[in-house]
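# Structural characterization, general
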Amino acid sequence: MISTDQAASIIESLVQPLTPTADAEQVDLWTAAWRILAQSVASPLDFPHWDNSAMDGYAVRFADVQQASEQQPVDLIVIEEIPAGGVPQRVVNAGEAARILTGAMMPAGADTVVMQEVTQRSGDRIQVLTAPQPQSFVRRQGAFHRVGEQLLPAGTRLGAPEIAVLAAAQCSPVWVYRPVRVVILSTGNELVSPTEILKPGQIVDSNQYALAAAVAKAGAMPIPLGVVPDDPAALKRAIAHALTVADLVISSGGVSVGDYDYVERILESLGGTLHIQSVAIKPGKPLTIATFERSHHPPHPDAPLSLTQPLYIGLPGNPVSALVTFWRFVQPALLQLSGLATGWVPTFITGRSPQDLRADGKRETYLWGRLQSTETEFEFTLAAGSHNSANLVNLAQTTALAVVPVGTTHIPAGAPIRILQIPA
Ligand code: AMP
Ligand code: MG
């Protein structure tokens, strides 16, 4: 059995991210939100685009007003008004000023803006009562960013500020990666859908829904394939199909050592190479990772030709184990696969718990609960109720997992703990 860190680094080495040549598509900025940039973007414009005023005031020549004071105000004639969006029509000559509003273009001849608060206006004249600094309140063309310089590197997730930058630079459409395609399937004779009538012995296939939500949250495209019975022929058919429509296949169940756990055998019979079969993590030990040759599983006519080499992740069926292992291993793999340049390695933070934390010390143990940040630290509160991995109900509203390392059976209240934050 390998450690969680070993498992994470094996998975990282197996992921073959989307490529900008095969997997990019051009989209408008509405569609681009939260997608990942496939090509770096250089600015077609200077920022600011032209010299402009940072204040409501008067554009002047510094030489005219450098001696101004309340005792000896400088008198200037106002030759025009330049609102935002206006284009100056006149050159500001010695003894002249132009009324200017925030963001408006600086007129030729002027090099400095005096705030209206240090002026007194009467008719078409102003008195400047304070000497400004040279070039004050002028935002120079290109001072923030120059034409041709990179605005955003490839691999950037396009959130609100990045979309704003692209819009302001008129970079539309943009090249983004297509969403990663993730087939989700559940295995088990006992499983029914949430809308079917439950018969004795049956349980609801909650994993399908939970994993689809988690996949969508990671920015990928969930393709739910439904429940497959514990029947080797049916499972083989379903997995063979899944491999032809997805970059990543996630199954749950059927990967432990029970009499009905067929998944690993089927993966091998389909030409898969098994890289991981169990990990020292609790909950979640029977985690299965396999890779396939795309040439043996060519894309289905409905799927893009650019599908990556198929990666298969078999999660344990236990609903708590399925989500914990998703957060720990699948989410980073999905982000890496999606073309994100950085930030896909999960970050653990240090915090404290007001309660003792306990584990069996044999496997790295993940306890679920909620994270709060106080003024000075992160505080982790264990979910109330049973921490049995079959208890799905108290997993709801989990925002973090506290990690108890291998070899540790007890972390006293108040001691530092490692915490994995769950995507909100
Ligand atoms: P397995 O890994 O197939 O042995 O399943 C372990 C436990 O998780 C069993 O109690 C299953 O009934 C349960 N389980 C398996 N698949 C699912 C699923 N898709 N949704 C909810 N529970 C499941
Ligand atoms: Mg099963």
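Here the residue numbering is sequential within each chain, running from 1 through the sequence in written order. By the order in which they are written, chains take letters starting at A while ligands take numbers starting at 1. Predicted model: local features are reported for residues with pLDDT of at least 70 only, side-chain atom pairs are reported and counted for 80 or more only, and whole-chain, interface and lining totals are derived from all residues. Heavy atoms from the whole structure form the basis of all side-chain values; hydrogens and water molecules are not counted.

## Thoughts on the sheet that holds strand S7 (residues 112-115)
Taken together, six strands build an open sheet; the order of strands is S7-S4-S6-S5-S9-S8 and the sheet is mixed. On the outer flanks of this sheet lie S7 and strand S8 (119-122), each paired with one strand and no other. Taking the axes of each pair of neighbouring strands and ignoring which way they run, one obtains an average angle of 35° across the sheet. Strands were regarded as paired on the criterion that DSSP finds at least two bridges between them. Starting at the N terminus, helices and strands are each numbered in turn, a helix being any DSSP run of H or I of at least four residues and a strand any DSSP run of E of at least two. The convention used is that axes are lines fitted to C-alpha atoms, helices contributing only their stretch in contact, and that angles between N-to-C directions extend from 0 to 180 degrees.

## What to know about the site of ligand 1
Put simply, a residue is near a molecule or strand once any heavy atom of it comes within 4 Å of that molecule or strand. The environment of ligand 1 is formed by 16 residues, the closest being Glu190, Asp205, Gly254, Gly317 and Asn318. Definition of a polar contact: a pair of N or O atoms within 3.5 Å, with one able to donate and the other able to accept a hydrogen when the atoms are protein atoms, and with sequence-neighbouring residues admitted only if both atoms are side-chain atoms. Ser186 places a side-chain nitrogen or oxygen 3.4 Å from a nitrogen atom of ligand 1. In the model, an oxygen atom of ligand 1 is placed 3.1 Å from a nitrogen or oxygen of the Gly317 main chain. Those elements giving two or more residues to the shell around ligand 1 turn out to be strand S13 (181-187), strand S15 (203-204) and helix H5 (206-217).

## Describing the nonpolar core
The definition of a nonpolar core used throughout is a set of buried Ala, Val, Leu, Ile, Met, Phe, Trp, Tyr and Cys residues joined through side-chain atoms within 4.5 Å. Burial classes: relative accessible area under 20% of the type maximum marks a residue as buried, over 50% as exposed, and values in between as partly exposed (1.4 Å probe, protein chains only). Membership of the largest hydrophobic core comes to 49 residues, with the highest contact counts inside it found for Val182, Leu248, Ile250, Phe326 and Leu334. Counting only elements with at least two residues in this core, the list comes to helix H1 (4-14), S13, H5, strand S17 (248-252), strand S21 (311-315), helix H8 (319-337), strand S24 (364-373) and strand S26 (400-404). Broken down by element, this core gets its largest block of residues, eleven residues, from H8. Apart from residues no more than four positions distant in its own chain, Leu248 is found in contact with Arg181, Val182, Val183, Leu311, Ile313, Val330, Leu334 and Leu337. The next biggest cluster of nonpolar side chains, apart from the first, holds 24 residues, and it includes Ala234, Leu243, Val245 and Ile266. The contact criterion used is simple: two residues touch if any of their non-hydrogen atoms lie within 4.5 Å.

## With respect to the packing of H1 against H8
At a closest axis distance of 10 Å, the pairing of H1 and H8 adopts a crossing angle of 25°. Regarding the angle of H1 to H8, the classification is roughly parallel. In terms of crossing hand, the pair formed by H1 and H8 is right-handed. Residues Thr4, Asp5, Ala7, Ala8, Ile11 and Glu12 of H1 lie in contact with H8, whose contacting residues are Arg328, Phe329, Ala333 and Gln336. Note that the term roughly parallel is reserved for angles under 35 degrees, roughly antiparallel for angles over 145, roughly perpendicular for angles of 65 to 115, and oblique for everything else. Crossing handedness: left-handed means the near helix sits turned counterclockwise from the far one by under a right angle, and right-handed means the same turn made clockwise.

## So, unusual backbone geometry
The omega torsion of the bond from Ser172 to Pro173 falls at 0°, within 30 degrees of zero and hence cis. Along the polypeptide, Pro173 turns up in the loop between helix H4 (160-168) and strand S12 (174-177). Between Lys282 and Pro283 the backbone carries a cis peptide bond, its omega angle lying at -5°. Residue placement: Pro283 occurs in the loop between strand S19 (281-282) and strand S20 (288-291). The backbone phi angle of Gln135 is positive, close to 65°, even though this residue is not glycine. One can find Gln135 in the loop between strand S9 (125-128) and strand S10 (138-139). Take Gln135: its relative accessible area is 46%, and that puts it in the partly exposed class. The phi dihedral of Gln397 is positive, around 70°, even though this residue is not glycine. As for its placement among the helices and strands, Gln397 is situated in the loop between strand S25 (378-382) and S26.

## Regarding the sheet that holds S17
Picture the strands of a sheet paired through backbone hydrogen bonds; they go either parallel or antiparallel. In spatial order, the strands read S16-S13-S17-S21-S20-S18; together these six strands make up an open sheet with mixed pairing. Of all the strands in the sheet, the pair left with one neighbour each is strand S16 (221-228) and strand S18 (273-276). Going across the sheet, the axis of each strand differs from the next one's by a mean of 20°, ignoring polarity. Pairing geometry for S17 and S21, over five bridges, is parallel. Along S21, the bridge assignment pairs Leu248 with Leu311.

## Some remarks on the domain arrangement of the chain
How big an interface is tends to be expressed through the accessible area that disappears when the partners come together. You can read the domains of the chain as domain 1 (4-23 + 178-337), domain 2 (26-47 + 145-177), domain 3 (52-139) and domain 4 (348-421). Reported domain spans reflect what an automatic or database domain assignment gives. Its C-alpha centre places domain 2 at a distance of 36 Å from the equivalent point of domain 3.

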